Amino acid sequence: MRVLFDVNHPAQVHLFKNAYWELEADGHGVHVTSREKEITTDLLDEYGIDHTPLTAERDGGAPALAAEWAKREAKMLSLARSFDPDVVVSRLNPPAVHVSRMTGSRNVIFKDTILRSRVIRALYHGATCPFVDKICTPPGFDVPVPARKHDIVGFQELSYLHPDWFEPDADVLREYGVEPDDPFFVLRFAGWDAYHDVGSQGLSPDGKRELVEYLSDRGDVYITSEEELPPEFEEYRISVPAHRIHDLLYYADLYVGDSQTMPTEAALLGTPAIRANSVVGDGDMNNFVELEEEYGLLFSYADEDAAMRKIAEIVENPESDDAWKERRRRLVEDKPDVTNTMLDLIYDAAHR
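Residues numbered from 1 in each chain as written. Predicted model: local features only at pLDDT ≥ 70, side-chain atom pairs only at ≥ 80, totals over all residues. Heavy atoms only, no water.

S.K.: Which residues make up the overall build of the chain, and what values do they have?
M.R.: Helix and strand counts for the chain stand at 14 helices and 12 strands. Taking 20 Å as the expected radius of gyration for a compact globule of 352 residues, we find that the chain reaches 20 Å, a close match to that expectation. Dimensions along the principal axes, computed over C-alpha positions, put the chain at roughly 60 × 40 × 35 Å. The 352 residues of the chain split such that 55% are buried. Expressed as a percentage of contacts within the chain between residues at least 6 apart in sequence, the contacts between residues at least 24 apart total 66%. Summed over all atoms, the accessible surface of the chain reaches about 15400 Å², with 45% contributed by carbon and sulfur. With 36 positive and 66 negative side-chain charges, the chain shows a spacing of 8 Å between the two charge centroids. (Helix = DSSP H or I, 4+ residues; strand = E, 2+ residues; numbered from the N terminus. Rg over C-alpha atoms; globule rule 2.2 N^0.38 Å. Buried < 20%, exposed > 50% of the residue type's maximum accessible area, 1.4 Å probe, protein only. Contact = heavy atoms within 4.5 Å. Areas by Shrake-Rupley, 256 points an atom, 1.4 Å probe, with all protein chains shown as cover. Lys, Arg positive; Asp, Glu negative; His and termini not counted. Charge placed at Lys NZ, Arg CZ, Asp CG, Glu CD.)

Rendered as structure tokens:
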């Protein structure tokens, strides 16, 4: 069997890495096409995953993205004709599903991002969904494909954070100057310039400043930022390399940020997580609602003042670490191991 993974974002490196390694260990042919966005290619290199960069992220909004997609599709098609995959595995994007169809291979697609703009959603789904063989989403996602092509897989982050695949290492943190037994907090600031973020925004500059001032008086602060970090926050720049970020999240006393993926990761590791951005509210993604209402691991706010009150509540009156890890244990018992599900779908697709 030959499987081509298409990776466009750092989170997708984590999503697919264990399936890649399992297939490779079993003697199957595997390869990755990558995109130079943030630390995507750096992560692949850190993990020793062989990959072919096809395109790089460019400024310029929707026109630049459309041009990049066209270039990416042409380059991916050339590579796929040489590699001859049985299955293409990717997050939902036009080049991956088009190339799969043009080369006669099957595809297994993952999606867990809501497109807020109706126009963008209609155009994007129109360019992709007719070419999907199998699409996997968390519960509550409406995708325009026949029911037989749609699988519910729960929290996709469990493909790499499930205890079967992830074991935290405190000694690694000490190598990078982090003492896991001391109080510390992880902050994540998103860029909010992706096509699916149109009309949305994260924490304000004043909100970030207040957050850092409050937490830095109560422990160490480590900031990871998608956008350029202001000079006043430079001293808090994260010291741990990107491929060890989940060790940092596991041992943190609190995660706070305005991104969409990392709060879920923190919560799935049993670390209290605060998510603050304008997306929160009616129509919020089901995974955030479930993590808050069913498991009490994550708390979402559109109002920065409300977020700060919850942060103070958690920091000033902390529950035991055992209590948070017990919530995580209950969640893991309830949810499937997404990597094993992914592998089953890949094998099934290859033999159709």
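There is more to say after this.
S.K.: A description of the environment of L229 should follow, citing residues and the corresponding values.
M.R.: Residue placement: L229 occurs in the loop between β9 (220–225) and α9 (245–251). On the basis of relative accessibility, which here comes to 8%, the residue L229 falls in the buried class. On a C-alpha basis, the gap between L229 and M1 in space is 44 Å, while along the polypeptide they are 228 residues apart. In this view, L229 contacts F189, I223, E234 and R237; residues no more than four positions away in its chain are not counted.

S.K.: Before we move on, could you go through the pairing of strand β3 (residues 51–56) and cite the residues and values that matter?
M.R.: Summarising the sheet, strand β2 (residues 29–36) and β3 pair through five bridges and their orientation is parallel. Its bridge partner being in β3, S34 is matched across the sheet by P53. (Pairing = 2+ DSSP bridges.)

S.K.: Explain the environment of E175 to me, using residue names and the numbers behind them.
M.R.: With respect to the element layout, E175 can be found in helix α7 (residues 170–175). Residue classification places E175 among the exposed residues on the basis of a relative accessible area of 63%. Considered as a pair, E175 and D321 are 146 residues apart in the sequence and their alpha carbons are 23 Å apart.

S.K.: Give me helix α5 (residues 118–128): which residues, what numbers.
M.R.: Every buried residue of α5 is accounted for by Y124, H125 and T128. In a view along the axis of α5, the buried residues occupy a sector of 95 degrees, so they form one face of it. Looking at α5, the residues exposed on the side facing more than 90 degrees away from the buried face are R118, V119, A122 and L123. (Arc of directions from axis to C-beta.)

S.K.: Let's hear about the sheet that holds strand β8 (residues 184–189): which residues, and what values?
M.R.: Within the open sheet, the five strands sit side by side as β9-β8-β10-β11-β12. Their pairing is parallel. Looking at strand neighbours, the two that pair on one side only are β9 and β12 (298–301), the edges of this open sheet. Strand-to-strand twist across the sheet, computed as the mean angle between neighbouring axes with direction ignored, equals 15 degrees. Judged from the four bridges that link them, β8 and strand β10 (residues 254–257) form a sheet pairing that is parallel. Of the residues in β10, the one forming a bridge with R188 is G257. Of the strands in this sheet, β8, β9 and β10 touch helix α8 (residues 205–216), which is tilted by about 170 degrees from β8. (Axes fitted to C-alpha atoms, helices over the stretch in contact; angles between N-to-C directions.)

S.K.: If you had to explain the sheet that holds strand β6 (residues 134–137) to someone new, which residues and values would you point to?
M.R.: A sheet is described by the order of its strands in space; here seven strands give the open sequence β3-β2-β1-β4-β5-β6-β7, paired in parallel fashion. Unpaired on one side and paired on the other, β3 and β7 (150–152) mark the two borders of the sheet. Along the sheet, successive strands turn relative to each other by an average axial angle of 20 degrees, direction set aside. Sheet analysis places strand β5 (residues 106–110) next to β6, joined by three bridges and oriented parallel. Counted as the bridge partner of F110 is C136 from β6. In this fold helix α1 (residues 10–25) packs onto β1 (2–7), β2, β4 (87–91) and β5, with an angle of close to 165 degrees to the strand it touches most, β1. On the sheet, helix α4 (residues 94–103) packs against β1, β4 and β5 and is oriented at approximately 165 degrees with respect to β5.

S.K.: I'd love a proper account of the packing of aromatic side chains, names of residues and values included.
M.R.: For the structure on display, the rule yields eight aromatic pairs. With a centroid separation of 6.0 Å and an interplanar angle of 70 degrees, the aromatic rings of F16 and F110 are classed as edge-to-face. Residue F16 is found in helix α1, and its partner F110 is found in strand β5; the two are separated by 94 residues along the sequence. An identical accessibility class is assigned to F16 and F110; each is buried. Each residue in the set F5, F16, Y20 and F110 is aromatic and connected to the rest through ring pairs, giving one cluster. Taking NZ or CZ as reference, K325 lies 3.8 Å from the ring centre of Y250, over its face. The ring centre of W324 lies 4.3 Å from the NZ or CZ of R327, which sits over that ring. (Phe/Tyr/Trp six-rings, centres within 6.5 Å; stacked < 30°, edge-to-face > 60°. Lys NZ or Arg CZ within 6 Å of the ring centre and 35° of its normal.)

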